[in-house]
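Below, each chain spelled out in residue letters.
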Amino acid sequence: EVISLLARAAGLNLAYTTATPQGQQGQPVPTAPGAGGAEGPRVTLDIQDESVQDVFNHVLRITGLQANREGRTIFVGPRLPNDARNLVTRSYRLNQVTVGVALNFLVAMGAESAVSRERTITSVQAVPVGGGQAPATQTQTSTETRIETQRIDFQDSTPLLRGLEVVGDERTNSVTLIGSPKQVQVASAQLIQLDSRRRQVAINVKIADINLLATEDINTSFSFGLGDTFIQNAQGAGIINFGTRSPLAVRGLPGENPPGFARQFLSRLQAQVTSGNAKVLTDPTLIVQEGQQAAVNLTQEVVGNITRTITQGTGGLGQDTTTIQKERVGLTVGIKIERVDDNGFVALSVAPTVRAVQDQYRDTTGNLIALINERSLTSGLIRLRDNQTLILSGIIQESDRTSVDKVPILGDIPILGALFRSTNKQNQRQEVIVLLTPQIIDDSERSSSMGYNYNPSPDARQMLERSQNRKVQTPNSNR
């Protein structure tokens, strides 16, 4: 009666249905005490200085009734048929997220979804063979297509998109929205926000591997002869030879003195200082998407271990199996972009690892095996501003080695003992320095062709220009 009076006052007609009233949450609308279920809820109005059209809409909102106006007729009811409703349909093809993610998001806001999915069904059947043997099994695989629906019944809240239908298509990764214009508009805005592109970051990595080596060698040697006795000291090793010939001499070698010995006193002092440095520099640039990870591998393979196994075969024959275990040495850097903030910060983690051959030795069979030294660092989650450089240092390994060869007793004499010993000192320092500079890529229309400030070397620029000119000069063909 209230709706009818308001419609007449506005000069409109009214079409009312007596279907079972349903609320926003699927529960029956409360009716007046002692009244039939078709009368609907009680409405009390106290209105002043308000247009009839606004009051009419207010009544529809507080009663939860559906209404649709076509021309001069308004269809009102707890649940209107589809022919009397104002329904719109809109389809979206998703680019960044999958259909499942979009459907779950809209269902959480109150929509009802349906999607056609295929699943693989494997059935195993036992076939008796007979003769007391185990039955044979037959496996059949088939594909089943079924419609899966989703709906959430809220208890203490009224969902915003209740009444909206969402249909998903996994083949084209698209969704179709069916509902009132307002609901479709709200769902469309949420889908556009949900399907936004992930940001990309250009990570410039500069890695310097510095090796410093310093070696000091101090050797003394002398030789003299007294009659048939020859005495020699060479690099901390003392030799006394009695007789005119040395057992180490080569047969048939002419000469009065044995090889390596002097008749007169001969002394020699050798001092050598060796220093060297090596620097390995890499400067790659990686494009990493938000939430993804990338790696730089500058490695090579070496023999890390050799295993030989002899197994006893049939007939007393043995089978010799040699297994070669290879190891990769070099530089490895793993980078993961956690997220890119709207304020220009990049949250990332980096893990550089340097593996180098420390030494080599030969096993009992004469095979050369490499001893590998590894240095690694894990930064954890860090945050950098756009174009801010992070320096990771401290991956340092330093070793000091001193080797002394001396003649027993004589090499321990103060001052004069230096003539009977040889000293070798070696100092080695290895350090790895990593510099990271992230740059958020602007993938909008105003960005440059390469997406970030890339400055190629002159040779690379010439090659890029030559390749671009070749593409321009090549005529189109139907191949």
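Going by the structure above, here's the rest.
This structure is a prediction, so every number in the text was calculated from the model and none was measured.

*Asks:* Any chance you could break down the packing of aromatic side chains for me, citing the residues and the numbers?
*Replies:* Within a pair of aromatic rings, the relevant descriptors are the distance that separates the centres and the angle that separates the planes. Counted by the stated rule, this structure contains zero aromatic pairs. The ring of Phe-345 has Arg-383 sitting right over it, with the charged end atom 4.4 Å from the ring centre.

*Asks:* Give a description of the sheet that holds strand S7 (residues 165-169) that names residues and reports values.
*Replies:* In space, the five strands of this open sheet follow the order S4-S8-S7-S5-S6, with mixed pairing throughout. Single-partner strands in this sheet number two, and they are strand S4 (88-93) and strand S6 (136-150). Ignoring strand direction, the axes of neighbouring strands in this sheet form an average angle of 25°. Relative to strand S8 (residues 174-179), helix H4 (residues 181-194) is tilted by about 155°, and along the sheet it contacts S4 and S8.

*Asks:* Outline the environment of Val-434, supporting the account with residue identities and numerical values.
*Replies:* Positionally, Val-434 belongs in strand S20 (residues 421-440). For the pair Val-434 and Asp-209, spaced 225 residues apart in sequence, the C-alpha separation works out to 8.8 Å. The contacts of Val-434, once residues within four sequence positions are left out, are Val-205, Lys-206, Ile-207, Pro-352, Leu-390, Ile-391 and Leu-392.

*Asks:* So, the pairing of strand S3 (residues 73-77): which residues are in play, and what are the values?
*Replies:* Here strand S2 (residues 66-70) pairs with S3 via five bridges, running antiparallel. Residue pairing across strands places Arg-69 opposite Ile-74, the latter belonging to S3. Between the end of S2 and the start of S3, which pair antiparallel, lie two residues, with Gly-71 showing a positive phi angle near 65°.

*Asks:* Give a description of the environment of Glu-374 that names residues and reports values.
*Replies:* Position of Glu-374 among the secondary structure elements: in strand S17 (residues 368-376). The exposure class of Glu-374 is partly exposed, given its relative accessible area of 46%. Separated by 21 residues in the primary sequence, Glu-374 and Thr-353 place their C-alpha atoms 7.1 Å from one another. Apart from the residues lying within four places of it in its own chain, the contact partners of Glu-374 are Thr-353, Val-354 and Arg-355.

*Asks:* A description of the packing of helix H3 (residues 99-108) against H4 should follow, citing residues and the corresponding values.
*Replies:* Where H3 meets H4, the closest approach of the two axes is 11 Å, and the angle between their N-to-C directions is 135°. Comparing their axes, H4 and H3 come out oblique. When you trace H3 past H4, the crossing you get is right-handed. On H4, the residues touching Val-101, Ala-102, Phe-105 and Leu-106 of H3 are Ala-187, Gln-190, Leu-191 and Leu-194. Residues of the contact of H3 with H4, tallied by class, amount to seven nonpolar, one polar and no charged.

*Asks:* Describe the pattern of salt bridges, and please don't skip the residues or the numbers.
*Replies:* Tallying each qualifying case throughout the model produces eleven salt bridges. Across the pair Arg-151 and Glu-112 runs a salt bridge, and its minimum N-O distance is 3.5 Å. Taken together, the residues span a long stretch of sequence, with Arg-151 in the loop between S6 and S7 and Glu-112 in strand S5 (residues 112-127) at a distance of 39 residues. Taking the relative accessible area as the measure of exposure, Arg-151 reaches 40% and is therefore partly exposed. Of the residues examined, Glu-112 reaches a relative accessible area of 36% and is grouped as partly exposed. Taking the shortest distance from any N to any O, the salt bridge between Arg-146 and Glu-148 comes out at 3.6 Å. When its relative accessible area of 28% is taken as the criterion, Glu-148 is described as partly exposed. The network of salt bridges with common partners includes Arg-117, Arg-146, Glu-148 and Glu-170.

*Asks:* Account for helix H2 (residues 52-63), with residues named and values stated.
*Replies:* With twelve residues, H2 should reach 16 Å at 1.5 Å per residue; the first-to-last C-alpha distance of 17 Å fits that figure. Buried within H2 are the following residues: Val-55, Phe-56, Val-59, Leu-60 and Thr-63. End-on, the buried residues of H2 take up no more than an arc of 140°, which puts them together on one face. Facing away from the buried surface of H2 by more than 90 degrees, the exposed residues are Arg-61 and Ile-62. Taken together, the buried residues of H2 touch helix H1 (2-9), S2 and S3. Two residues or fewer past H2, Gly-64 is found with a positive phi of approximately 75°.

*Asks:* How would you sum up the side chain of Glu-290? Please name residues and give values.
*Replies:* Within the secondary structure layout, Glu-290 lies in the loop between strand S13 (285-289) and strand S14 (293-312). No salt bridge forms around the buried Glu-290; measuring N to O, its nearest opposite-charge neighbour Arg-199 is 4.6 Å away. A polar side-chain atom of Glu-290 sits 3.0 Å from the main-chain amide nitrogen of Val-340. When residues no more than four places from it in sequence are discounted, the contact partners of Glu-290 are Arg-198, Arg-199, Ile-337, Glu-338, Arg-339 and Val-340.

*Asks:* Outline the nonpolar core, supporting the account with residue identities and numerical values.
*Replies:* Ile-203, Ile-335, Ile-337 and Leu-436 are the most contacted members of the largest nonpolar core, which has 22 residues in total. Those elements that provide at least two residues to this core are strand S9 (200-226), S13, strand S15 (318-340), strand S16 (345-362), strand S19 (390-406) and S20. It is S15 that provides the largest number of residues to this core, a total of five residues. Within the second largest apolar cluster, 18 residues are counted, among which are Leu-94, Leu-103, Leu-106 and Leu-191.

*Asks:* How would you summarise the packing of H1 against H2 if you had to cite specific residues and measurements?
*Replies:* Where H1 contacts H2, the two axes come as close as 9 Å, and the packing angle between them is 160°. With respect to H2, the element H1 is oriented roughly antiparallel. Crossing handedness for the pair H1 and H2: left-handed. Packed against H1, whose contacting residues are Ile-3, Leu-6, Ala-7 and Ala-9, the element H2 presents Val-52, Val-55, Phe-56 and Val-59 at the interface. Here the residues of the contact of H1 with H2 sort into eight nonpolar, no polar and no charged.

*Asks:* If you had to explain unusual backbone geometry to someone new, which residues and values would you point to?
*Replies:* Trans is the common state for peptide bonds, and a negative phi is the common state for residues other than glycine. The phi angle at Asn-173 is positive, at roughly 55°, despite the residue not being glycine. When you line up the elements, Asn-173 lands in the loop between S7 and S8. Phi at Asn-387 takes a positive value of approximately 70°, unusual for a residue other than glycine. Take Asn-387: it is sitting in the loop between strand S18 (382-385) and S19.

The rules behind each value
- Residues numbered from 1 in each chain as written.
- Predicted model: local features only at pLDDT ≥ 70, side-chain atom pairs only at ≥ 80, totals over all residues.
- Heavy atoms only, no water.
- Phe/Tyr/Trp six-rings, centres within 6.5 Å; stacked < 30°, edge-to-face > 60°.
- Lys NZ or Arg CZ within 6 Å of the ring centre and 35° of its normal.
- Pairing = 2+ DSSP bridges.
- Helix = DSSP H or I, 4+ residues; strand = E, 2+ residues; numbered from the N terminus.
- Axes fitted to C-alpha atoms, helices over the stretch in contact; angles between N-to-C directions.
- Contact = heavy atoms within 4.5 Å.
- Buried < 20%, exposed > 50% of the residue type's maximum accessible area, 1.4 Å probe, protein only.
- Parallel < 35°, antiparallel > 145°, perpendicular 65-115°, else oblique.
- Left-handed = near helix turned anticlockwise from the far one by under 90°.
- Nonpolar A, V, L, I, M, F, W, Y, C, P; charged D, E, K, R; others polar.
- Salt bridge = Lys/Arg side-chain N within 4 Å of Asp/Glu carboxyl O.
- Expected span 1.5 Å × (residues − 1).
- Arc of directions from axis to C-beta.
- Lys, Arg positive; Asp, Glu negative; His and termini not counted.
- Polar contact = N/O pair within 3.5 Å; in protein donor to acceptor, adjacent residues only side chain to side chain.
- Core = buried A, V, L, I, M, F, W, Y, C linked by side-chain atoms within 4.5 Å.

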